[in-house]
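Chain and residue survey
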Amino acid sequence: DIFSNGKSAFVALKKDLGQAVCWGITDYDYGADCSSIDFSGVTDIFSNDVHFVALKKDLRQVVCWGGAGGQECGPMDLSGVTDIFS
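Here the structure is a predicted model, which means the values were calculated and not measured.

A few words on the overall build of the protein chain. When its secondary structure is counted, the protein chain shows zero helices and six strands. Sequence-ordered secondary structure for the protein chain, helices as α and strands as β, is β-β-β-β-β-β. Expressed as a percentage of its 86 residues, the buried residues of the protein chain come to 42%. Considering only residue pairs separated by 6 or more positions, the protein chain has 30% of its internal contacts joining residues 24 or more positions apart. Carbon and sulfur atoms form 50% of the exposed surface of the protein chain, whose accessible area is close to 5200 Å².

Following this line, the structure appears as structure tokens:
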């Protein structure tokens, strides 16, 4: 699956391998660098203009990247969460 933040970054998710490849403009941290993200268990990815959030539905976890301080989306209690909308 391929996702875009509509601005300048893309993510190709390999669900079966728990891996992803990100690319795009890295000048302003729009999410094109996801090398530090653990994609194991990711079921879906959502985004806004500069941030991405990867949902690990079965684990009830999220991982965020992009934008200034984009990884500041956790920890949070996702008990009962089944979907995310952006």
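So, about the pairing of strand β3 (residues 19–24). Of the pairings in the sheet, the one linking strand β2 (residues 9–14) to β3 comprises six bridges and is antiparallel in character. The residue of β3 that forms the bridge with K14 is Q19. Remark: four residues form the turn of the hairpin made by β2 and β3, two consecutive strands paired antiparallel; G18 in that turn has positive phi of roughly 65 degrees.

Moving on, we come to the sheet that holds strand β6 (residues 61–65). Pairing between sheet strands relies on hydrogen bonds along the backbone, with the strands arranged either parallel or antiparallel. The strand order across the open sheet built from three strands is β4-β5-β6, with neighbouring strands paired in antiparallel fashion. The two strands at the open ends of the sheet, each matched to only one other strand, are β4 (44–47) and β6. Averaged over all neighbouring strand pairs, the angle between strand axes comes to 25 degrees, with direction disregarded. With five bridges joining them, strand β5 (residues 52–56) and β6 adopt antiparallel strand pairing. In the strand pairing of β6, L55 is matched with V62.

With that out of the way, let us pick up the state of the cysteines. Summed over all chains, the structure comprises one disulfide. Note on cysteine connectivity: C22 is disulfide-linked to C34, with sulfurs 2.0 Å apart. An S-S torsion of about 105 degrees defines the bridge between C22 and C34 as right-handed. Here C22 is found in strand β3, whereas its partner C34 is found in the loop between β3 and β4, with 12 residues between them in sequence. Under the relative-accessibility criterion, C34 is labelled buried at 7%.

What counts and what doesn't
By convention here, each chain's residues receive numbers from 1 onward along its written sequence. This being a predicted model, a pLDDT of at least 70 is required before a residue's local features are given, and a value of 80 or more before pairs of side-chain atoms are given or counted; all residues contribute to the totals for chains, interfaces and linings. Only heavy atoms go into the side-chain values, all of them from the structure, while hydrogens and water stay out. For the purposes of this entry, the term helix denotes a DSSP run of H or I that reaches at least four residues, the term strand denotes a run of E that reaches at least two, and both are numbered from the N terminus. The classification of residues rests on relative accessible area computed with a 1.4 Å probe and restricted to protein chains. Under 20% of the type maximum is buried, over 50% is exposed, and intermediate values are partly exposed. What makes two residues a contact is simply this: any of their non-hydrogen atoms within 4.5 Å. To be clear on the numbers: accessible area is Shrake-Rupley with a 1.4 Å probe, and residue cover counts the displayed protein chains and nothing else. In short, DSSP must find at least two bridges between two strands for them to pair. Angles run from 0 to 180 degrees between N-to-C directions of axes, and those axes are lines fitted to C-alpha atoms, restricted for helices to the stretch in contact. Disulfides are defined as pairs of cysteine sulfur atoms found within 2.5 Å of each other.

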